[in-house]
Amino acid sequence: MDKPVTYDAPAPKAGILDIAPYVGGKSKIDGVAEPIKLSSNENALGCSAMAAAAFSEAQSKLFRYPDGHANPLRAAVAAYHDLEPERLIFGNGSDEVFGLLNQTYLEAGDNIVTGEHGFLAYRISALACQAQVRLAPEPDLRVDIDNLLELVDARTKLVYISNPANPTGTWNTPEEISDLRSRLASDIILVIDEAYAEFVDEPTWESALEMARGHDNIVVTRTFSKIHGLAGLRVGFGYCPKPLIDAMDRIRMPFNINLPAQAAAVAALSDRAHIDASRAQVTLWRPRLIQAIRSFGLEVGNSAGNFVLIRFRDAAEAARANEFLMEQGLIVRHVVNYGLPQCLRVTVGKDAENEAFLEALGRFARVSER
Ligand SMILES: Cc1ncc(COP(=O)(O)O)c(C=O)c1O
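Predicted model only: the values in this text are computed from it and were never measured.

A. Representation of the packing of aromatic side chains. Tallying each qualifying case throughout the model produces 10 aromatic pairs. Their ring planes at 85° and their centres at 5.9 Å tell us that Phe98 and Tyr160 sit as a pair that is edge-to-face. Of the two residues, Phe98 is situated in helix α3 (residues 94–105) and Tyr160 in strand β5 (residues 156–162); the sequence distance between them amounts to 62 residues. We classify Phe98 as buried; its relative accessible area is 0%. For Tyr160, a relative accessible area of 0% gives the class buried. Judged by centre distance (5.1 Å) and plane angle (70°), the rings of Tyr196 and Phe307 are edge-to-face. With Tyr196 in the loop between β6 (189–193) and α7 (209–213) and Phe307 in strand β10 (residues 307–311), this residue pair connects regions lying 111 residues apart in the sequence. By the burial criterion, Tyr196 is buried, and Phe307 matches it. Connected via pairs of aromatic rings, a cluster forms that spans Phe98, Phe119, Tyr122 and Tyr160. The ring of Tyr239 is capped by Arg87, whose NZ or CZ atom sits 4.5 Å from the centre of that ring. Directly above the aromatic system of Trp285 lies the positively charged group of Arg288, at a separation of 4.8 Å from the ring centroid.

B. Structural view of the site of the ligand. Around the ligand, the structure places 13 residues, and the nearest of them are Ser94, Asp193, Tyr196, Thr223 and Ser225. Between Thr223 and the ligand, the recorded distance is 2.5 Å, taken from a side-chain N or O atom to an oxygen atom. At 2.7 Å, a side-chain N or O of Arg234 approaches an oxygen atom of the ligand. Protein chains bury 93% of the 400 Å² of accessible surface belonging to the ligand in isolation. In the shell around the ligand, the residues fall into three nonpolar, six polar and four charged.

C. Region of interest: the sheet that holds strand β7 (residues 218–223). The seven strands lie next to each other as β2-β8-β7-β6-β5-β3-β4, forming an open sheet whose pairing is mixed. Strands with a single pairing partner mark the edges of an open sheet, and in this sheet they are β2 (88–91) and β4 (132–136). For this sheet, the mean angle separating the axes of adjacent strands, direction not counted, is 20°. In this sheet, β5 lies alongside strand β3 (residues 111–115) in parallel orientation, the contact comprising four bridges. Bridge pairing links Ile112 to Leu158 in β5. Lying on the sheet, α3 is in contact with β2, β3, β5, β6, β7 and β8 (236–239); it crosses β5 at an angle near 165°.

The rules behind these values
- Residues numbered from 1 in each chain as written.
- Predicted model: local features only at pLDDT ≥ 70, side-chain atom pairs only at ≥ 80, totals over all residues.
- Heavy atoms only, no water.
- Phe/Tyr/Trp six-rings, centres within 6.5 Å; stacked < 30°, edge-to-face > 60°.
- Helix = DSSP H or I, 4+ residues; strand = E, 2+ residues; numbered from the N terminus.
- Buried < 20%, exposed > 50% of the residue type's maximum accessible area, 1.4 Å probe, protein only.
- Lys NZ or Arg CZ within 6 Å of the ring centre and 35° of its normal.
- Near = heavy atom within 4 Å.
- Polar contact = N/O pair within 3.5 Å; in protein donor to acceptor, adjacent residues only side chain to side chain.
- Areas by Shrake-Rupley, 256 points an atom, 1.4 Å probe, with all protein chains shown as cover.
- Nonpolar A, V, L, I, M, F, W, Y, C, P; charged D, E, K, R; others polar.
- Pairing = 2+ DSSP bridges.
- Axes fitted to C-alpha atoms, helices over the stretch in contact; angles between N-to-C directions.
- Contact = heavy atoms within 4.5 Å.

Structure below.
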């Protein structure tokens with residue numbers, strides 16, 4: 001007879017089991033062969049054919065270790081964004097860059113400050129460092145600079161914001177960002193996550209890359225998961241002051257960006273046509289979605305990302321809408337984990353996917369007498 005399973009395994013360090021596991025966007029619906037997946041802010045057009053070709057070509061080199069400093073990728077990103085190559089750190093997704101920052105700067109009892117609906121990855125690795133996570137209220141679902149600063153104290157090591165923000169789609173102006181920077185002590189790192197930068201067409205938004213160049217405590221992160229459609233390969237980077245790179249590079253795993261990912265990311269940067277088409281899909285459909293959703297009597301905010309956030313009357317109505325959409329083969333994200341149980345987030349999809357989504361949501365609004 002097999003021995004009964006026992007659970008007296010070694011205990012993890014304090015706090016680990018209090019961390020809620022990250023739940024990604026759903027990708028399956030029972031009984032539906034090909035659901036329409038609009039739940040993870042992926043690129044509706046997929047990745048560049050040039051990136052896919054570079055990935056395939058890398059097959060012949062899979063027995064080799066990748067370049068531990070991602071030098072060709074570093075050069076390509078530096079040239080593309082006009083940045084100093086030595087001020088870049090690459091991560092297995094920008095998620096890893098947040099993890100490296102937290103591991104390098106947080107001791108037990110320190111804290112990070114972010115918005116109450118801020119991206120969850122910042123929090124998970126901070127908690128793993130036995131740091132505290134402080135969440136600043138976001139009136140109107142926007143990051144509020146005064147509220148962030150109110151939570152900063154002597155144990156604050158990092159302040160995180162995403163601009164544009166996920167899942168709210170809201171953004172902060174350059175004036176607000178410089179206000180935050182100027183009121184933050186210079187020994188606190190301000191991390192500005194610009195995962196959705198390429199989708200913004202708001203005149204009141206500006207990248208913080210230029211501002212970061214002149215300051216020793218600002219990090220700006222970007223990702224290949226969104227505009228380049230390479231979420232599955234996991235490549236992101238941070239533009240950081242050199243001393244931060246020197247510190248983080250000591251704990252970064254030597255080969256954290258795999259070889260085909262490096263090759264595909266370099267190729268993606270050279271495919272301007274795919275970048276433009278990806279942006280155009282979002283700038284065409286985002287206002288169409290917003291207008292149509294409002295015409296159904298539902299509330300949806302303006303968004304600067306490749307997604308929109310729909311606000312229902314309450315959590316129960318959002319759950320019903322989510323169920324209804326699933327029954328029609330559509331997967332969107334019920335953003336309960338972000339403190340928004342009354343909201344569904346929907347990624348801009350391909351033309352036919354967006355049309356199918358609007359058709360289904362319109363029906364839901366009619367049956368629930370909107
Ligand atoms: C605000 C924000 N930052 C970062 C990321 C993650 O990027 P990556 O895939 O590079 O880890 C996401 C992904 O959804 C995001 O929404």
